[in-house]
Amino acid sequence: MKTRFRPVLLLALLFAVATLYFSSLPSAALPWFTKCDKESPAWLDTLVEEIKVLGYPGFQLSVADVNGQRMDCAAGWASPIPGTAPLNLIHRMRYASLSKILTSSVAIQLIDEGLLNPELHLVELLKMTGPFVDERMASIRIDDLLRHKAGFDRALTPDPMMQPHPWCPGNLAALKSIRIDHDPGSHFAYANIGYCLLGAVISGIEDKSLDQVFHDRLLNPLSLQSIRALRHGEIFQDEPQAFFDNAHESQNDLLAIDYAASLATGAWSGTASDFMSLLISLFARNEHALLSDQAQTLIFKVASECDFNKWRTCHGYGFYKYKPVGQKAMYWRDGSLPGVTAFAAVFEDGTKVVFLANGRTYNWMASNDRIGQLLYRFITEDRSGR
């Protein structure tokens, strides 16, 4: 009996020693496991080095070029301990605010079908009458919600969607008693609560749960099996472990989010590959596209007076627009949650990119901006997108 178990014990000891050794090394010092289903672009190694410096364990990357040729890659590790299990192409990643692409896409479908008018007022569509503590609440339009100009400003008033029990969408009567931070339509301020309210409008028009609306209109037609809504307090078995900036946040912060309330804002998960399939089907130029040519024009529309040369400034009905002088336009959206980084973009020539990482820094916006600007440079310098 003793002889039978000796090899098992020896392997366990070797694994423990290896884990201790690799975990003692800085992540940036280790070679990363990288796997692509096609020949990888020349810039992938540079991206890997940048992500290692940020301290993220790994990432998935999906790129579709102007000719529709696709490439899916996974790089790094499925754990904050480098040198253990590699991240792969079928690991489930959290989409964070890339989920808002589902919300804006369905809103644009409804506008295109004549079932929703962007000039209609929120309270009218919610069948809500006053009085309102803040009379400006009655003047918020669907246009304002889509463009993050409804008057909610998380820099001034804490984001209710990041609270344990947000009032939206379950207690919309709260609109009668709260104050907004700006006059509707006057000021851009990114707001999760605005998209939650937009989701409530969509659900009311369709007379279905928002989860069912997204499945019926977007996911089921494409058979995107990996894309599923997250649940409060749960980690899926096929999710990688995440890196948390432990001085400020932990897995408890990620799991504390009310995902049932966040279907319109940040509750979806899946692979980068399946999210790319969704983007391709939304923005195809044929009769099978989920968005008509007119709807695609509308979702990419951004006020012409905005300075597109500035990053994270010009937001339209679905995306930020970025276009340095003399270069191609990129329509993009990012996402961030504790342990989660996400970025997706559609270029004016049809190139598309999706990036998902199992980590983030606490001061995440600068890191997200760096990743987005790097991907813009890589794609625009590589005309094929590969």
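The preceding data block contains the structure.
The model shown is predicted, which means the values in this text are computed figures rather than measured ones.

Conventions used here
- Residues numbered from 1 in each chain as written.
- Predicted model: local features only at pLDDT ≥ 70, side-chain atom pairs only at ≥ 80, totals over all residues.
- Heavy atoms only, no water.
- Phe/Tyr/Trp six-rings, centres within 6.5 Å; stacked < 30°, edge-to-face > 60°.
- Helix = DSSP H or I, 4+ residues; strand = E, 2+ residues; numbered from the N terminus.
- Buried < 20%, exposed > 50% of the residue type's maximum accessible area, 1.4 Å probe, protein only.
- Lys NZ or Arg CZ within 6 Å of the ring centre and 35° of its normal.
- Axes fitted to C-alpha atoms, helices over the stretch in contact; angles between N-to-C directions.
- Parallel < 35°, antiparallel > 145°, perpendicular 65-115°, else oblique.
- Contact = heavy atoms within 4.5 Å.
- Nonpolar A, V, L, I, M, F, W, Y, C, P; charged D, E, K, R; others polar.
- Left-handed = near helix turned anticlockwise from the far one by under 90°.

Participant: Would you take a moment to explain the packing of aromatic side chains for this structure?
Facilitator: Any aromatic ring pair is given by two values, namely how distant the centres are and how the planes are angled relative to each other. Applying the stated criterion across every chain, the model contains 16 aromatic pairs. Ring centres of Phe-214 and Trp-268 lie 5.8 Å apart, and the angle between their planes is 55 degrees; this geometry places the pair in the tilted category. Of the two residues, Phe-214 sits in helix 7 (residues 210–219) while Trp-268 sits in strand 6 (residues 268–270), which places them 54 residues apart along the sequence. When its relative accessible area of 0% is taken as the criterion, Phe-214 is described as buried. You can call Trp-268 buried: its relative accessible area is 0%. Arranged with centres 5.5 Å apart and planes meeting at 40 degrees, the rings of Phe-300 and Phe-319 form a pair that is tilted. Residue Phe-300 is located in the loop between helix 10 (293–299) and strand 7 (320–322), and its partner Phe-319 is located in the loop between helix 10 and strand 7; the two are separated by 19 residues in the primary sequence. A relative accessible area of 1% means that Phe-319 is categorised as buried. A cation sits over an aromatic face here: Arg-92 above Phe-236, 4.7 Å from the ring centre.

Participant: Looking at this model, I keep getting lost on unusual backbone geometry. Mind explaining?
Facilitator: Where the residue is not glycine, phi is negative for most of them; where a peptide bond is considered, it is trans in most cases. The peptide bond linking Gly-130 to Pro-131 adopts the cis configuration, its omega dihedral lying at 5 degrees. Here Pro-131 shows up in the loop between helix 4 (122–125) and helix 5 (142–146). The omega angle of the peptide bond from Cys-168 to Pro-169 is 5 degrees, so this bond is cis rather than trans. Of note, Pro-169 is situated in the loop between helix 5 and helix 6 (192–206). The phi dihedral of Asp-207 is positive, around 55 degrees, even though this residue is not glycine. As for its position among the elements, Asp-207 is in the loop between helix 6 and helix 7. The phi dihedral of Arg-312 is positive, around 55 degrees, even though this residue is not glycine. Here Arg-312 lies in the loop between helix 10 and strand 7. On the accessibility criterion, Arg-312 (16% relative accessible area) is buried.

Participant: Explain the packing of helix 3 (residues 100–112) against helix 7 to me, please; I cannot follow it from the model alone.
Facilitator: Helices that pack against each other are described as a pair by the angle of their axes relative to one another and the distance between those axes. Helix 7 packs onto helix 3 with a crossing angle of 75 degrees between their chain directions and a minimal axis gap of 11 Å. On the basis of the axis angle, helix 3 is roughly perpendicular to helix 7. Contacts from Leu-102, Thr-103, Val-106, Gln-109 and Leu-110 in helix 3 reach Val-213, Phe-214, Arg-217 and Leu-218 in helix 7. Among the residues making up the contact of helix 3 with helix 7, the classes are represented as 6 nonpolar, 2 polar and 1 charged.

Participant: Would you take a moment to explain the packing of helix 3 against helix 9 (residues 272–282) for this structure?
Facilitator: Look at helix 3 against helix 9: their axes get within 12 Å of each other, and the N-to-C directions meet at 20 degrees. Looking at the two axes, helix 3 sits roughly parallel to helix 9. The handedness of the crossing between helix 3 and helix 9 comes out as left-handed. Here Ile-101, Leu-102 and Ser-105 of helix 3 lie close against helix 9, whose contacting residues are Phe-275, Leu-278, Leu-279 and Leu-282. Here the residues of the contact of helix 3 with helix 9 sort into 6 nonpolar, 1 polar and no charged.

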